[in-house]
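# Coordinate analysis (summary)
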Amino acid sequence: MTAAAALAPAPNLLDQSIDRATAALLAAQRGDGHWVFELEADATIPSEYVLLTHYLGEPADLELERKIGVYLRRIQGAHDGWPLFHGGDFDISATVKAYFALKMIGDDPDAPHMARARAAILKRGGAAAGNVFTRIQLALFGELSWDAIPTMPPEIILLPRWFPIHLSRMSYWARTVIVPLLVLQTRKPRAVNKRGVRIPELFGPPVKVGPAGHQKRLWAAGFAALDVVLKFADRAQLWPKRLRARAIQACLDFTVERLNGEDGLGAIYPAMANSVMMFAEMGYAADHPHRAIARQSVENLLVVKDDEAYCQPCVSPVWDTALAAHALLEVGSPAAETAALAGLDWLLPRQELEVKGDWADRKPDVRPGGWAFQYNNAHYPDLDDTAVVVMALDRARRGEQDSQAIERGVEWTVGLQSKNGGWGAFDADNSDHYLNNIPFADHGALLDPPTVDVSARVISMLAQRGEPKDSPRMQAALSYVLKDQMADGSWFGRWGVNYIYGTWSALCALNAAGMDPQAEPMRRAVTWLEKIQNPDGGWGEDCDSYALDYSGHRPAASRASQTAWALIGLMAAGEAKSESVARGIAWLQANQDEQGEWGEDDYTGGGFPRVFYLRYHGYRRYFPLWALARYRNLTTSNSLTTPHGM
């Protein structure tokens, strides 16, 4: 008997694990057929929500504030501050905002948790050492001079497309966040702050904020000099008044066109909150239709439980529904397939077929046809979601009812292929990397360049739809992915943590495209995954793997979602009956709870590397089920790989 056979679970026990996980996923399905799980970030968003309500001077919801306070205190780290992800290091910006929010709620500054946080902040340079978005929050409340904020004149919105600094050269999320900020920074409003809460105790000696770690000194110095000139122009009021008025109106028009109903500007919290503050500053009453619906969009992000509450950065129903459908189609039971098809029925009308969003600025001749990540986000569909939805529809094999949606989705996706052969998440060729050196881009996430994980999903979609391996666009895409393989055999994962996510994505794409599992790129990736497998059989990777000085995998505790990714990747490389896969399956079974789910407090989703991470509460539900079901399907058939793109 081989080692793999000895470790392989008994078929009946495997069936039981799959059945329990399936039942749990079916129980989470909404009545209209879709799934949406909580999407949790760090302390920043709930803290900013509290500050927003006090900025606007709204009547306090004391019970909601109490629950948010419970949440914030619970996630305070052992280092006395707040991290960017579960168990992560101290982060100055998250800690400043959490402290300010808790003090606004009513926490005594001398309470032990507040005193510890304050000491930790002062030790690291004080509140002024926070990032640009933190300093903007402080300026809005009068805690910091607007001179501490990089100047972004609203006239930027009027610049011609060829200009080196242009909104269309930035990512969709930067665009939607920045436009209302242009108005706020110009008008320099002051929060209502009825309680008069201030935080002077968080400021020490003046702090000189230099270039961020990702910024090149020469570029940064040039942009810093430009910032000096812009600040002088503002103080001297050199901007023509008519031009400024026109620019501010253009910012308002941009926002109103993209308000997106109750799903909000860009369907992401920072842009939504900024739009509310902009409308308030421009004199829109609380019941004005634009301001009211923008404010409601923020409220829709709240997760309120019996004992605590927090605010999500956005919601993920399309992503959750498409991935849950894939997992259930893999299970293949009548109940699972019925639920998956109901999910696909919910997805179909959410395809955007009319609005030419911002992506059309670079690709004006491409017809719309994508899906967004959120319930609605017509101007900003994304390629990752679209590829995953198309593959699920194609996999369901329902025929004519899905064919038009599939073809339009493919047409839109291939139309946004970048010049280097890859795909970004929302735009084509959003790769003007010099922009990450402007003072405003200290987060290093101003752009949406092609990435391997998104590109791999599109390759998988094309291959599943029968795209020839030697077609020009497929050759360009495969070349892009293969060139980006790391020396150790892994691939970087932009939207999931991290190299495990990227490697899973790439292996599925190479398999779908017909690469021989014995080919050198796949063998190197398999060797890497086997090398980093934990002694307990699972896989784990920390968000610190995004560090600029990353030098190779560092062991981390096994996590359900990352173990599932590694397993699906290995099975895509023909390793379904290997010892490594058997051990990983055994880990998933051993760590499944009585409800059929897996615990996972860790953040395995990517927002902005080194700045913003996500805990997808659905990942621990559908990815492990997917891996278990695929293992069963492959080990009970003659095939060692899956015919599907994922």
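If you're wondering where the values come from, they're calculated on a predicted model, not measured in any experiment.

For the chain, the count of helices and strands is 23 helices and five strands. Relative to the compact-globule value of 26 Å for 646 residues, the chain shows a C-alpha radius of gyration of 25 Å, a close match. For the chain, the spread of C-alpha atoms along the three principal axes comes to 80 × 55 × 50 Å. Sorting the 646 residues of the chain into buried and exposed places 62% on the buried side.

So, about the packing of helix 4 (residues 62-74) against helix 5 (residues 92-105). Two measures define how a pair of helices packs: the angle their axes make with one another and the distance between the axes. Where helix 4 contacts helix 5, the two axes come as close as 10 Å, and the packing angle between them is 145°. When the axes of helix 4 and helix 5 are compared, the crossing they make is left-handed. Together, Glu65, Ile68, Gly69, Leu72 and Arg73 of helix 4 and Ala98, Ala101, Leu102 and Ile105 of helix 5 make up the contact between the two elements. Among the residues forming the contact of helix 4 with helix 5, the class breakdown is six nonpolar, one polar and two charged.

Of the pairings in the sheet, the one linking strand 4 (residues 605-608) to strand 5 (residues 612-616) comprises three bridges and is antiparallel in character. In the sheet register, Gly606 faces strand 5, and the bridge partner there is Tyr613. Between the end of strand 4 and the start of strand 5, which pair antiparallel, lie three residues, with Arg610 showing a positive phi angle near 75°.

All right, on to helix 20 (residues 520-532) then. Over its 13 residues, helix 20 extends 19 Å from the first C-alpha to the last, a length consistent with the 18 Å expected when each residue adds 1.5 Å. Within helix 20 the residues assigned to the buried category are Pro521, Met522, Ala525, Val526, Trp528, Leu529 and Ile532. One side of helix 20 carries all its buried residues, which in axial view fall inside an arc of 160°. The inward-facing, buried residues of helix 20 contact helix 18 (472-483), helix 19 (499-512) and helix 21 (560-572).

Moving on, we get to the environment of Pro472. By the element assignment, Pro472 lies in helix 18. As for Pro472 and Gly421, which are separated by 51 residues in sequence, their C-alpha atoms are 9.4 Å apart.

Scanning all chains against the criterion turns up 32 aromatic pairs. Aromatic side chains Phe608 and Phe612 sit 5.9 Å apart centroid to centroid with 35° between the ring planes, which places their arrangement in the tilted category. Here the aromatic rings of Tyr616 and Tyr619 are separated by 4.2 Å at their centres, their planes lie at 5°, and the arrangement is stacked. Residue Tyr616 is classed as buried on the basis of its relative accessible area of 8%. Site record: aromatic cluster; members linked through ring pairs are Phe37, Phe373, Tyr501, Trp504, Trp565, Tyr616, Tyr619, Tyr622, Phe623 and Trp626. Lying over the aromatic face of Phe90, Arg124 brings its terminal NZ or CZ to 3.8 Å of the ring centre.

This brings us to the sheet that holds strand 5. Adjacent strands of a sheet pair through backbone hydrogen bonds, lying either parallel or antiparallel. Strand order in the open sheet formed by three strands is 1-5-4, and the pairing between neighbours is antiparallel. Both edges of this open sheet fall to strand 1 (39-40) and strand 4, since each of them pairs with a single strand only.

Attention now moves to the nonpolar core. If you look at the biggest cluster of nonpolar residues, it comprises 216 residues, and the most contacted ones within it are Trp82, Met170, Tyr269, Trp319, Leu323, Tyr622 and Phe623. Beyond its immediate stretch of four places on either side in the chain, Phe623 contacts Leu323, Trp504, Ala564, Trp565 and Ile568.

Turning our attention to the environment of Ala267. Counting through the fold element by element, Ala267 comes out in the loop between helix 10 (241-257) and helix 11 (269-281). Separated by 320 residues in sequence, Ala267 and Trp587 place their C-alpha atoms 37 Å apart. Residues contacting Ala267, with those up to four places away along its chain left out, are Asn260, Met272, Pro313, Cys314, Gln374, Asn376 and Asn377.

Below, the discussion takes up the packing of helix 13 (residues 317-331) against helix 23 (residues 619-635). Contact geometry of helix 13 with helix 23 gives a least axis separation of 8 Å together with a crossing angle of 25°. Considering the angle they form, helix 13 stands roughly parallel to helix 23. Crossing hand, helix 13 versus helix 23: left-handed. Residues Trp319, Asp320, Leu323, Ala324, His326, Ala327, Leu328, Glu330 and Val331 of helix 13 form the contact with helix 23, whose own contacting residues are Tyr619, Tyr622, Phe623, Leu625, Trp626, Ala629, Arg630, Arg632 and Asn633. Within the contact of helix 13 with helix 23, the residues separate by chemical class into 12 nonpolar, two polar and four charged.

Bringing the side chain of Glu330 into the picture now. Within the secondary structure layout, Glu330 lies in helix 13. Among the residues examined, Glu330 registers a relative accessible area of 6% and is labelled buried. At 2.7 Å, the side chain of Glu330 forms a polar contact with the side chain of Arg630. Contact partners of Glu330, with chain neighbours within four places excluded, come to Arg395, Trp626, Ala629, Arg630, Asn633 and His644.

The periodicity of an α-helix, 3.6 residues per turn, causes residues three or four positions apart to be oriented the same way. If you check helix 15 (residues 383-396), its first and last C-alpha atoms are 20 Å apart, about what 14 residues at 1.5 Å a residue would give, namely 20 Å. With 14 of its 14 residues buried, helix 15 lies for the most part within the structure. The distance from a side-chain oxygen at the start of helix 15 to the backbone nitrogen of Asp384 is 3.1 Å, and the residue carrying that oxygen is Asp382.

The subject of this paragraph is unusual backbone geometry. The phi dihedral of Lys188 falls on the positive side, at around 50°, and the residue is not glycine. Topologically, Lys188 is positioned in the loop between helix 8 (172-187) and helix 9 (217-235). Using a relative accessible area of 39% as the deciding quantity, one classes Lys188 as partly exposed. The phi dihedral of Arg397 is positive, around 50°, even though this residue is not glycine. Mapped onto the elements, Arg397 comes out in the loop between helix 15 and helix 16 (400-415). Residue Arg397 is classed as exposed on the basis of its relative accessible area, which comes to 70%.

For the chain, the mean per-residue pLDDT works out to 93, and 94% of the residues sit at or above 70. Ignoring residues within four places in sequence, the model shows residues 1-6, a span with pLDDT below 50, making six contacts including any to other chains.

Before going further, it helps to spend a moment on the pattern of salt bridges. Counting across every chain of the model gives 40 salt bridges. With a closest N to O distance of 3.0 Å, Arg175 and Asp358 form a salt bridge. Here Arg175 is found in helix 8, whereas its partner Asp358 is found in the loop between helix 14 (334-347) and helix 15, with 183 residues between them in sequence. A residue is classified by how much of its surface remains accessible, and Arg175, at 4% relative accessible area, is buried. With a closest N to O distance of 2.8 Å, Asp345 and Arg398 form a salt bridge.

Cut-off values and rules
- Residues numbered from 1 in each chain as written.
- Predicted model: local features only at pLDDT ≥ 70, side-chain atom pairs only at ≥ 80, totals over all residues.
- Heavy atoms only, no water.
- Helix = DSSP H or I, 4+ residues; strand = E, 2+ residues; numbered from the N terminus.
- Rg over C-alpha atoms; globule rule 2.2 N^0.38 Å.
- Buried < 20%, exposed > 50% of the residue type's maximum accessible area, 1.4 Å probe, protein only.
- Axes fitted to C-alpha atoms, helices over the stretch in contact; angles between N-to-C directions.
- Left-handed = near helix turned anticlockwise from the far one by under 90°.
- Contact = heavy atoms within 4.5 Å.
- Nonpolar A, V, L, I, M, F, W, Y, C, P; charged D, E, K, R; others polar.
- Pairing = 2+ DSSP bridges.
- Expected span 1.5 Å × (residues − 1).
- Arc of directions from axis to C-beta.
- Phe/Tyr/Trp six-rings, centres within 6.5 Å; stacked < 30°, edge-to-face > 60°.
- Lys NZ or Arg CZ within 6 Å of the ring centre and 35° of its normal.
- Core = buried A, V, L, I, M, F, W, Y, C linked by side-chain atoms within 4.5 Å.
- Parallel < 35°, antiparallel > 145°, perpendicular 65-115°, else oblique.
- Polar contact = N/O pair within 3.5 Å; in protein donor to acceptor, adjacent residues only side chain to side chain.
- pLDDT = per-residue confidence, 0-100.
- Salt bridge = Lys/Arg side-chain N within 4 Å of Asp/Glu carboxyl O.

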